[in-house]
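Geometric and topological summary
The lines below spell out each chain.
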2 protein chains.
Amino acid sequence: MTLLPQSSTALKRPGRLRADLHGELLEELRDLIVEGELPAGSRVAERVLCERFGVSRTPLREALKVLAAEGLIELLPNRGARIARLTAEDIAQTLKVIGTLEALAGELACERLTADEVVEIRALHLEMLAHHARRDRPAYFKANQAIHRAIVAASGNTVLAQTYAGLSGRIRRARYAANLDLRRWDEAVAEHERILDALTARDGAQLARLLRTHLDNKSYALAAHSPEALA
Amino acid sequence: MTLLPQSSTALKRPGRLRADLHGELLEELRDLIVEGELPAGSRVAERVLCERFGVSRTPLREALKVLAAEGLIELLPNRGARIARLTAEDIAQTLKVIGTLEALAGELACERLTADEVVEIRALHLEMLAHHARRDRPAYFKANQAIHRAIVAASGNTVLAQTYAGLSGRIRRARYAANLDLRRWDEAVAEHERILDALTARDGAQLARLLRTHLDNKSYALAAHSPEALA
DNA sequence: TCGTCATTGATTGCATGCAAAAATTATAGT
DNA sequence: ACTATAATTTTTGCATGCAATCAATGACGA
């Protein structure tokens, strides 16, 4: 009765491949952190996460180690995990790097952009304008991210795209939480207009410049306006 | 006799803190891969690594997951780990990103370089020249890396430094294995001379340009001369 | 001889167990 | 009452065990 615990336990997640657990766990944990369900700085006990996801500690711990390597959480020796607390400095530094990566992506993209890609990015841009008109921040945020991701993807450099995704993920929480003020919002949209122009004209140098300053401005706005969102 | 296995086993590593195992394992595994002891593309069984390091599978697997997330190895579902095989394209893409990061680092560094840091980098540079004069490739390689790391560190941007370290680690194996030809070697040293000049003059824009082209040239040389080193 | 399928052995993925460390509570002394 | 120390509970870190999957070998039939 006490034996054969594995097959009799309620832990098993239904309809999932054995080897997919790790990837799935990572996804779900990342979501949990990014959505802010686990507040920054709070300690998370393995046990509660195990019950939350219905897995044992072994795969969960493997996922935690990966998240720690990615910088999403901190692992305190013998004291478990803690959601990484982002300082304003962390965000500023990360945005600086992201800005440079996007600038490179813009340069590379201009050398190989297909017409289809331009069409798609323009469509995303128009969607974003609609969300801006409605003052729908969450939808705007999503469309905005999609545009930047699309530009990075269009660079054709997968290492660049991966690195970008990693850094973006690290600060997505803060960016999501940050409410930009209306003036900065309008400015950002105007910048995006020029970004789209440079992209359409395949002007790599100009696009790189625009993306870099766009991110620098974002950094400034974030620090000036929403320091409390960084905790 | 068969019970109490933990305290009676020979597995225990002496003189090590309990919580340090993970970090140490990561280090040693990384070394093993970078030094090329585990050839690229080869599959590695958990078991042999366990015996090699004297640990059980649990901490080893945690380390493998992290290395996989870093891109040093690939995890095949149900079939263990394989040392990542770097294609020429992988290297080129990575060097492109590294070049951009170094350029940013140079720019930032010029704005905050202390006199001490310049002295230190100049010293490293002179050491590197000595190794070049002796045609001591391994020593040159080390000094060269140290200079680039120092510039990145001088940027004061830890996110940048971490990202840089991660990408560097991923391709260090290939860079180490690659023998640059003498002409390219001399060119590289000449480029470093100009890099040091820009650094001393705190000319950030120039330094950024130099670093970017320095890396672009490295990429070209690597692809042209040592494609076999990439496997 | 070759290809298909079954059987065996090895390896991975995950759950659990045990001991060390930390956190918490209880107890004693001032 | 309050701090300090001891006992207890909880949590973490690692080792091990079991079942699923994969790799290898052999039997069988064409």
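Residues numbered from 1 in each chain as written. Chains lettered and ligands numbered in written order. Predicted model: local features only at pLDDT ≥ 70, side-chain atom pairs only at ≥ 80, totals over all residues. Heavy atoms only, no water.

1. Side note on the overall build of chain A
Rules: In this description a helix means any DSSP run of H or I spanning at least four residues, a strand means any run of E spanning at least two, and both kinds are numbered starting from the N terminus. Note on contacts: a residue pair is in contact if any heavy atoms of the two residues lie within 4.5 Å.
A count of helices and strands for chain A gives 10 helices and 3 strands. Its helices and strands taken in sequence order, chain A reads α-α-β-α-α-β-β-α-α-α-α-α-α from the N to the C terminus. Restricting the contact set of chain A to residue pairs at least 6 apart, pairs at least 24 apart contribute 74%.

2. Quick notes on the interface of chain A and chain B
We count it as follows: Accessible area, probed at 1.4 Å, shrinks when two parts are joined; the buried area is that loss added up over both. For this document, the term salt bridge refers to a Lys or Arg side-chain nitrogen within 4 Å of an Asp or Glu carboxyl oxygen. Here a polar contact is recorded for every N or O atom pair within 3.5 Å, except that within protein the pair must consist of a potential hydrogen donor and a potential acceptor, and residues adjacent in sequence are included only if both atoms are side-chain atoms.
With 28 residues of chain A at the interface, the matching set in chain B holds 28 residues. Contact between chain A and chain B buries roughly 2500 Å² in total, counting both sides, with carbon and sulfur atoms accounting for 61%. Between chain A and chain B we count 4 salt bridges in total. Linking Arg61 of chain B and Glu62 of chain A is a salt bridge whose minimum nitrogen-to-oxygen distance equals 3.3 Å. Linking chain A with chain B are 13 residue pairs in polar contact (both at pLDDT 80 or more). Counting only elements with at least two residues in the side of chain A that touches chain B, the list comes to helix H4 (57-70), helix H5 (88-112) and helix H8 (158-177) of chain A.

3. Some words on the sheet that holds strand E2 (residues 73-76) of chain B
Residue and element names in this part refer to chain B. Formally: Strands were regarded as paired on the criterion that DSSP finds at least two bridges between them.
Read from one edge to the other, the open sheet built from 3 strands follows the order E1-E3-E2, with strand pairing classed as antiparallel. In this open sheet, the two edge strands, each paired with only one partner strand, are strand E1 (43-44) and E2. Looking at chain direction, E2 and strand E3 (residues 80-83) are connected through 4 bridges and run antiparallel. Opposite Glu74, over in E3, you have Arg82 as the bridge partner.

4. Notes on the packing of aromatic side chains
The line we're drawing: Stacked, tilted and edge-to-face are the three classes assigned to paired rings of Phe, Tyr and Trp, where Trp is represented by its six-membered ring and a pair needs centres within 6.5 Å; plane angles under 30 degrees give stacked, over 60 edge-to-face, the rest tilted. We call a charge positioned over a ring when the NZ of a Lys or the CZ of an Arg lies within 6 Å of the ring centre and within 35 degrees of the ring normal.
Enumeration according to the criterion identifies 2 aromatic pairs over all chains in this entry. Here Tyr140 of chain A and Trp185 of chain A contribute two aromatic rings whose centre-to-centre distance is 5.1 Å and whose plane-to-plane angle is 70 degrees, an arrangement assigned as edge-to-face. One end of the pair, Tyr140 of chain A, is in helix H7 (residues 137-154); the other, Trp185 of chain A, is in helix H9 (residues 182-200), with 45 residues separating them in the sequence. The ring centre of Trp185 of chain B lies 5.5 Å from the NZ or CZ of Arg135 of chain B, which sits over that ring.

5. Observations regarding the confidence of the model for chain A
How we decide: One number per residue, pLDDT, summarises how confident the predictor is, and it ranges from 0 to 100.
Overall, the prediction assigns chain A a mean pLDDT of 88, with 88% of residues at 70 or greater. Across residues 1-15 of chain A the pLDDT falls below 50, and counting only partners more than four positions away or on other chains, this stretch makes 8 contacts in the model.

6. Quick notes on the pattern of salt bridges
Worth spelling out the cut-off: When accessible area is computed with a 1.4 Å probe and restricted to protein chains, residues below 20% of their type maximum are described as buried, those above 50% as exposed, and intermediate ones as partly exposed.
Enumeration according to the criterion identifies 26 salt bridges over all chains in this entry. The salt bridge involving Lys65 of chain A is made with Glu62 of chain B; its shortest N-O contact spans 3.6 Å. Of the two residues, Lys65 of chain A is situated in helix H4 and Glu62 of chain B in helix H4 (residues 57-70); the pairing between them involves two chains. The same class applies to Lys65 of chain A as to Glu62 of chain B, namely buried. For Glu37 of chain B, the salt bridge goes to Arg52 of chain B, with nearest N and O atoms at 2.6 Å. Residue Glu37 of chain B is located in the loop between helix H2 (21-34) and E1, and its partner Arg52 of chain B is located in helix H3 (residues 46-53); the two are separated by 15 residues in the primary sequence. Looking at Glu37 of chain B, the relative accessible area reads 51%, which means it is exposed. Members of the salt-bridge network, linked through shared partners, are Glu46, Arg57, Arg61 and Lys65 of chain A together with Glu62 of chain B.

7. Section: the side chain of Glu46 of chain B
All names here are of chain B. Mapped onto the fold, Glu46 is located in helix H3. Judged by its relative accessible area of 18%, Glu46 is buried. There is a polar contact of 2.7 Å between the side chain of Glu46 and the side chain of Arg57. In this view, Glu46 contacts Arg57, Leu60, Arg61 and Leu64; residues no more than four positions away in its chain are not counted.

8. Here we look at unusual backbone geometry
For residues that are not glycine, phi is negative in most cases, and the peptide bond is trans in most cases. Within the chain, Arg202 of chain A stands out as a residue other than glycine whose phi angle is a positive 55 degrees. Checked against the element boundaries, Arg202 of chain A lands in the loop between H9 and helix H10 (204-225). Of note, Arg135 of chain B is a non-glycine position whose phi angle comes to about 55 degrees, a positive value. Locating Arg135 of chain B in the fold gives a position in the loop between helix H6 (115-133) and helix H7 (137-154).

9. A few points about the sheet that holds strand E3 (residues 80-83) of chain A
All names here are of chain A. Taken together, 3 strands build an open sheet; the order of strands is E1-E3-E2 and the sheet is antiparallel. Bordering the open sheet on either side are strand E1 (43-44) and strand E2 (73-76), each of which pairs with just one other strand. Judged from the 2 bridges that link them, E1 and E3 form a sheet pairing that is antiparallel. Bridge assignment links Arg43 to a residue of E3, and that residue is Arg82.

10. With respect to the relation of the copies chain A and chain B
Between the two copies of the chain lies a relationship made up of a rotation around an axis and a movement along it. Which entries qualify depends on this criterion: Superposition of the copies used a least-squares fit over C-alpha atoms from residues whose pLDDT is at least 70 in both.
Mapping chain A onto chain B leaves a residual RMSD of 0.1 Å; the transformation is a rotation of 180 degrees accompanied by 0.0 Å of translation along its axis. Here the transformation between the copies is reduced to the relation of a two-fold axis. Here 100% of the contact residues of chain A are again contact residues in chain B; the copies associate through an equivalent surface.

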